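Inside the fold
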Amino acid sequence: MKKRILTGDRPTGQLHIGHYVGSLKSRLEFQNEFDTLVLIANIQALTDNFDDPAKVNSNILEVLKDYIAVGLDPNLVTFILQSEISEISDLTVIYSNLVSISRLMRNPTVKSEIIQKKNKFSKDSVTFGFLGYPINQAADITTFMADLVPVGGDQAPMVEQTVEIVKKFNGIYGDVLKIPQIYISEYPRLVGLDGKSKMSKSLNNTINFSDSTEIIKNKIMTMYTDPNRIHKNDPGRVEGNPVFIYHNIFNTNKSEVKELEARYRKGTVGDVEVKERLFESIEAFIYPIRETRLSLENKEEYLLEILDQGTKRGKKIASETLNKVKEALYLNILKK
Ligand code: ATP
Ligand code: MG
């Protein structure tokens, strides 16, 4: 039997090149070898978008289009809509007894996201649901008995917390849940166009697969670079410079990258030329993805069918897991 992967995304916007390097690329590499389950986490998206459920809803098929456009094959991958899997919510409640509030508050992802979302949450207005989202993620992973969880670096503490929950659960109730392993990609945290934060759907610092050629050009030509370099002939800094970080990932002409880096350090190339080369590389990468994505624009029925089929399969796996958990906690007396 194939080992199983569980991963997913929140439908809070369209997917971007950060998702590609942080997580989609691993999924593409694994989809033949592993039983790959991909969860569109629309319940979890509500933790910080509870005031805008229409936005979350409208992004479900956008994310699915992105998946198929980058090359996830619906014949190999099971796409699951989280809100249909009520078993995840049952497990979240059961696991919540095993996690202290202080442990949740110490979770590095929760801590940094509370700071990042300061327009949504002040220190005293963080909701129970948001604070508890690591427990919800533990439920996602364990509901589907995942062996491997490929995520970006920002999500590593979530998988660590899941392992803790599983160990505690199995220690009390017996060996029911599977201990998942994390898989972190080569580029776990792609910096955004602002050069400051992680590229994130909610931070307006992304290059999306759906962006037109003009939008991409505009975003790249105005993106952050070395702030200390004022004139074209000032020596520039390559390390940590997002323009060069992107070049190293997306420019397939490695000797051109080396040459641009050397000239940039010496101050013999302008930002405009470096950015133009970068634009060409990113456009070449995104072009086929954008084309496939466009061909899916009016295929709502086809997309919904894929999601429905995947969700049905997910539901079966989830209900088997929940039955085992209920059995272990004496919660199934009426079923006997
Ligand atoms: P939001 O701003 O709504 O949280 P997001 O852009 O952070 O959106 P998520 O849906 O939260 O995207 O994350 C989906 C997956 O992509 C996770 O595994 C996450 O670690 C990974 N990921 C997100 N952003 C990046 C990034 N900039 N670099 C690498 N991986 C990333
Ligand atoms: Mg995120």
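Residues numbered from 1 in each chain as written. Chains lettered and ligands numbered in written order. Predicted model: local features only at pLDDT ≥ 70, side-chain atom pairs only at ≥ 80, totals over all residues. Heavy atoms only, no water.

A word on the overall build of the protein
Each helix and strand in the protein was counted, giving 14 helices and five strands. Here the C-alpha radius of gyration of the protein, 22 Å, is about what a compact globule of 336 residues would show, namely 20 Å. Along the three orthogonal principal directions, the C-alpha set of the protein runs to about 80 × 45 × 40 Å. Each of the 336 residues in the protein was classed as buried or not, and the buried ones make up 53%. Within the protein, residue pairs in contact and separated by at least 24 positions form 77% of the contacts whose partners lie at least 6 positions apart. A total accessible area of about 16,200 Å² is found for the protein, and carbon and sulfur atoms account for 54% of it. (Helix = DSSP H or I, 4+ residues; strand = E, 2+ residues; numbered from the N terminus. Rg over C-alpha atoms; globule rule 2.2 N^0.38 Å. Buried < 20%, exposed > 50% of the residue type's maximum accessible area, 1.4 Å probe, protein only. Contact = heavy atoms within 4.5 Å. Areas by Shrake-Rupley, 256 points an atom, 1.4 Å probe, with all protein chains shown as cover.)

Some remarks on unusual backbone geometry
Most peptide bonds are trans, and most residues other than glycine sit at a negative phi. Non-glycine residue Met145 carries a positive phi angle of around 50 degrees. As for its position among the elements, Met145 is in the loop between helix 8 (133-143) and strand 4 (148-151). Exposure remark for Met145: the relative accessible area of 13% places this residue in the buried category. Notably, Tyr330 is not glycine yet its phi reads approximately 55 degrees, a positive angle. When you line up the elements, Tyr330 lands in the segment after helix 14 (300-328).

A few points about the packing of helix 4 (residues 86-95) against helix 8
Two numbers describe how helix 4 lies on helix 8: the axes approach to 8 Å, and their chain directions differ by 125 degrees. Of the possible angle classes, the one that applies to helix 4 and helix 8 is oblique. Every pair of crossing elements has a handedness; the one defined by helix 4 and helix 8 is right-handed. For the pair helix 4 and helix 8, the contacting residues are Glu87, Ile88, Leu91, Thr92 and Tyr95 in the first and Ile135, Asn136, Ala138, Ala139, Asp140, Thr142 and Thr143 in the second. Here the residues of the contact of helix 4 with helix 8 sort into six nonpolar, four polar and two charged. (Axes fitted to C-alpha atoms, helices over the stretch in contact; angles between N-to-C directions. Parallel < 35°, antiparallel > 145°, perpendicular 65-115°, else oblique. Left-handed = near helix turned anticlockwise from the far one by under 90°. Nonpolar A, V, L, I, M, F, W, Y, C, P; charged D, E, K, R; others polar.)

Remarks on the site of ligand 1
Around ligand 1, 21 residues are found, and the nearest of them are Thr12, Asp154, Lys198, Lys201 and Ser202. Between ligand 1 and Arg10, the relevant distance is 3.0 Å, taken from an oxygen atom to a main-chain nitrogen or oxygen of the residue. One of the backbone N or O atoms of Leu190 is found 2.8 Å from a nitrogen atom in ligand 1. If one sorts the elements of the shell around ligand 1 by residue count, helix 1 (residues 17-30) sits on top with three residues. A class-by-class count of the residues in the shell around ligand 1 yields five nonpolar, 10 polar and six charged. (Near = heavy atom within 4 Å. Polar contact = N/O pair within 3.5 Å; in protein donor to acceptor, adjacent residues only side chain to side chain.)

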